[in-house]
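Commentary on secondary and tertiary structure
Each chain, written out:
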Amino acid sequence: MSSKKDRKIMIIGGGLAGVEAAWQLLQRGAAVDLYEMRPEQMTPAHSGGDLAELLCSNSLRSLRLENASGLLKKEMEYYHSLVMEAAYQSRVPAGFALAVDRLAFSSYIEKKLKAEAKFNLIRAEVKSIEESIFDSYDALIVASGPLSSDSLESSIQALLGADNLYFFDAQAPIIAADSIDYSKVFRASRYQDGSGDYLNCAFTEAEYKRFYEALIEAKTTPLRSFESLKLFAGCMPLEEIARSGYESLRFGPLKPVGLKRPDGTEAYAVLQLRQDNLSASHYNLTGCQTRLLYGEQERVFRLIPGLEEASFVRHGQMHRNSYINAPRNLDFAYRLRSAYPRELLFVGQLSGVEGYLESAASGLLGAVKLAERLGLEGMTWPALKAEGAERETMLGALSFYLTAADPDNFQPAKSAFGLCRELAGKERNKYRAKYGIKQKGRRGRRLVYAARALEHYYPEAEVEKIMEAEL
């Protein structure tokens, strides 16, 4: 193995997990060879060869600490996350959510990495995981994503000795801004005063009925003979939600709650359009992931008020996403369990996390822990001594879930406060008093959890500032 100053890491995959892992290791002095097969070999979902290309949505979800994704962002910021830096640099209006211009986001990340002297981007497919890799590298991080090439996926299956699990993921359509009928939409963000950052398409009851009936009757992309329809709730296609009941959309992606029309009334149902790029020339149909045939998408979605003449920049689509059985194979640091004699990590959606932010977070934590094991200098994982303390942070709770979940019923996971160690009454009261958290109910409870997590990273004075800004 090389000396500490000459550590060299191989990373397979230039998605969010791969680029974040690369950045963390580069900041600690390691050399990184990042292999990305695109654009020479494409996947069913990607459109080009950009590093960290965003697929399903341009949103990294909420910034608020009362949301698990908001806390996860703040924890990642502690480590000077490249993904977080790029997101703020390419941010587009989206209310309390962090949404980005896709192209600007990817471009920023690629430029920052290429500016690092010890970074080497290799545009080539890695077809298998071989022992010979470790003759040249101190560690291998597999971040090839849920759409790994067939040959690499076969190699992973052979290595693990079991078949991968899989689910189907879906993307929402994107339309041209100049094809929207602005006389029929209004601008507002949910529960916010003022103009807001979303365009809202309001349905009357009759319009909703017509749209709903067309949606559930529309033709979908047929599955191939060897595929079964195994869906993940976080990316459920709109038509599948609709089939669960007539009111399902009104209590889901088309809920009107918190969105008042200019006359102060609430619509029967509302579809929100989220800005998809910095120039505001593209809008994403929020929550409208679908596997409808392209022609059917145009017919059905043009029944939405304001979208009668919608021009589709990208149609929604569905593709197979693979992930390994993490509880059987990975430890807390995303490393293949100790029986394997090499430093081999699986991060990103392939590891069983779900979502852009969670993918980047897994790459971050995996790289931080790897750097510690290799003796590299830099920011470390907090020294959590109390039993269960790893679950007091969102980064740790997410990783802990992957290792502790039931391996026979394992499902991908997003960040969630339900993954964290529960706070006892006395503990909650301590944090409430310490940081002046007066909010009751769910928001108050979550802010207490957030304060506890942040204390593992930041000095108390800094946590006070963060909480004051939130309150």
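In what follows, the structure referred to is the one given above.
Report on the accompanying structure. Computed from a prediction, not measured in an experiment: that's the story for all the values here. (Residues numbered from 1 in each chain as written. Predicted model: local features only at pLDDT ≥ 70, side-chain atom pairs only at ≥ 80, totals over all residues. Heavy atoms only, no water.)

A tally of helices and strands in the protein chain yields 14 helices and 16 strands. Taking 23 Å as the expected radius of gyration for a compact globule of 471 residues, we find that the protein chain reaches 23 Å, a close match to that expectation. Counting only C-alpha atoms, the protein chain reaches 70 × 60 × 45 Å along its principal axes. Looking at the protein chain residue by residue over its 471 residues, the buried ones come to 57%. The contacts in the protein chain between residues at least 6 apart in sequence include a share of 71% that link residues at least 24 apart. Entry remark: accessible area of the protein chain is about 19,400 Å², with carbon and sulfur atoms responsible for 49%. The positive charge centre, built from 60 side chains, and the negative charge centre, built from 61, are 4 Å apart in the protein chain. (Helix = DSSP H or I, 4+ residues; strand = E, 2+ residues; numbered from the N terminus. Rg over C-alpha atoms; globule rule 2.2 N^0.38 Å. Buried < 20%, exposed > 50% of the residue type's maximum accessible area, 1.4 Å probe, protein only. Contact = heavy atoms within 4.5 Å. Areas by Shrake-Rupley, 256 points an atom, 1.4 Å probe, with all protein chains shown as cover. Lys, Arg positive; Asp, Glu negative; His and termini not counted. Charge placed at Lys NZ, Arg CZ, Asp CG, Glu CD.)

Attention shifts here to the packing of aromatic side chains. In total, this model carries 16 aromatic pairs according to the counting rule given. Both rings, one in tyrosine 78 and one in tyrosine 457, keep their centres 5.2 Å apart while their planes meet at 55 degrees; by these two values the pair is tilted. Here tyrosine 78, found in helix H2 (residues 68–78), pairs with tyrosine 457, found in the loop between helix H13 (441–455) and helix H14 (460–470); they are 379 residues apart in sequence, far enough to count as distant. Each ring, one from tyrosine 78 and one from tyrosine 458, has its centre 5.3 Å from the other, and the planes form 75 degrees; the classification is edge-to-face. With tyrosine 78 in helix H2 and tyrosine 458 in the loop between H13 and H14, the pair connects residues that are 380 residues apart, well separated along the chain. (Phe/Tyr/Trp six-rings, centres within 6.5 Å; stacked < 30°, edge-to-face > 60°.)

What follows deals with the environment of alanine 104. Within the secondary structure layout, alanine 104 lies in helix H4 (residues 102–114). Alanine 104 gets classed as partly exposed once you look at its relative accessible area, which sits at 26%. For the pair alanine 104 and arginine 91, spaced 13 residues apart in sequence, the C-alpha to C-alpha distance is 8.9 Å. For alanine 104, the residues in contact, after removing those within four places along its chain, are Ser90 and Leu278.

Before going further, it helps to examine the pattern of salt bridges. Inspection of every chain in the model, using the stated rule, returns 30 salt bridges. For glutamate 53, the salt bridge goes to arginine 38, with nearest N and O atoms at 3.2 Å. Within this pair, whereas glutamate 53 is found in the loop between strand S2 (31–35) and strand S3 (59–62), its partner arginine 38 is found in the loop between S2 and S3, the two being separated by 15 residues in sequence. Judged on exposure class, the residue glutamate 53 and its partner arginine 38 are both buried. One salt bridge connects glutamate 110 with arginine 123, and the closest N-O pair in it is separated by 3.4 Å. Linking glutamate 110 in helix H4 with arginine 123 in the loop between strand S6 (119–122) and strand S7 (139–142), this pair joins segments that are 13 residues apart in sequence. (Salt bridge = Lys/Arg side-chain N within 4 Å of Asp/Glu carboxyl O.)

An order of S6-S2-S1-S7-S16 is seen for the five strands of this open sheet, with the pairing classed as parallel. Looking at which strands have only one partner, the edges of the open sheet turn out to be S6 and strand S16 (344–346). For this sheet, the mean inter-axis angle between neighbouring strands, taken without regard to orientation, is 15 degrees. Of the pairings in the sheet, the one linking strand S1 (residues 8–12) to S2 comprises five bridges and is parallel in character. Counterpart to isoleucine 11 in the pairing with S2 is leucine 34. Sheet strands in contact with helix H10 (residues 356–373) are S1, S7 and S16, and its direction is about 165 degrees off that of S16. (Pairing = 2+ DSSP bridges. Axes fitted to C-alpha atoms, helices over the stretch in contact; angles between N-to-C directions.)

What follows is about the sheet that holds strand S4 (residues 91–92). Reading across from one edge, S3-S5-S4 is the order of the three strands in this open sheet, with antiparallel pairing throughout. A single partner strand is all that each edge strand has here, and the edge strands are S3 and S4. Pairing between S4 and strand S5 (residues 97–100): two bridges, direction antiparallel. Bridge pairing in S5 links arginine 91 to valine 100. Packed on one face of the sheet, H2 meets S3 and S5 and runs near 110 degrees to S3.

On to helix H1 (residues 16–26), then. Of all the 11 residues making up H1, 11 are buried; the element is thus mostly covered by neighbouring parts of the structure. Restricting attention to buried positions, one finds in H1 the residues Leu16, Ala17, Gly18, Val19, Glu20, Ala21, Ala22, Trp23, Gln24, Leu25 and Leu26.

Along an α-helix, residues three or four positions apart point the same way, because every turn accommodates 3.6 residues. Taken together, the buried positions of helix H3 (residues 82–89) are occupied by Leu82, Val83, Met84, Ala86 and Ala87. Sitting at the head of H3, serine 81 places a side-chain oxygen 3.3 Å from the backbone nitrogen of valine 83. (Polar contact = N/O pair within 3.5 Å; in protein donor to acceptor, adjacent residues only side chain to side chain.)

Turning our attention to the nonpolar core. If you look at the biggest cluster of nonpolar residues, it comprises 106 residues, and the most contacted ones within it are Leu25, Phe105, Leu113 and Phe346. No other element matches the 10 residues that H10 contributes to this core. Phenylalanine 346 has contacts with Ile129, Val142, Ile156, Leu159, Ile324, Leu330, Tyr334, Leu336 and Ser351, leaving out every residue within four places of it along the chain. Ranked by size, the runner-up nonpolar core spans 32 residues in total, among them Ala214, Leu273, Ala310 and Phe312. (Core = buried A, V, L, I, M, F, W, Y, C linked by side-chain atoms within 4.5 Å.)

Let's shift gears to the pairing of strand S12 (residues 269–275). The two faces of a sheet get side chains in turn, since along a regular strand they alternate between them. Within S12, seven of the seven residues are buried, which leaves it mostly tucked inside the rest of the structure. Taking every second residue as pointing to the same face, both faces of S12 are buried, with Ala269, Leu271, Leu273 and Gln275 on one and Val270, Gln272 and Arg274 on the other. Across six bridges, the pairing between strand S11 (residues 198–203) and S12 is antiparallel. Pairing of cysteine 201 across the sheet is with leucine 271, part of S12. The sheet contact formed by S12 and strand S13 (residues 282–285) spans three bridges and is antiparallel. Among the inter-strand pairings, glutamine 275 is bridged to a residue of S13, identified as tyrosine 283. Counted between consecutive antiparallel strands, the loop separating S12 from S13 contains six residues, among which alanine 280 sits at a positive phi close to 60 degrees.

On to unusual backbone geometry. Positive phi outside glycine occurs at alanine 52, with the angle close to 55 degrees. Within the secondary structure, alanine 52 is located in the loop between S2 and S3. Residues other than glycine seldom take positive phi values, yet histidine 80 does so here, at roughly 55 degrees. Within the secondary structure, histidine 80 sits in the loop between H2 and H3. Taking the relative accessible area as the measure of exposure, histidine 80 reaches 55% and is therefore exposed.

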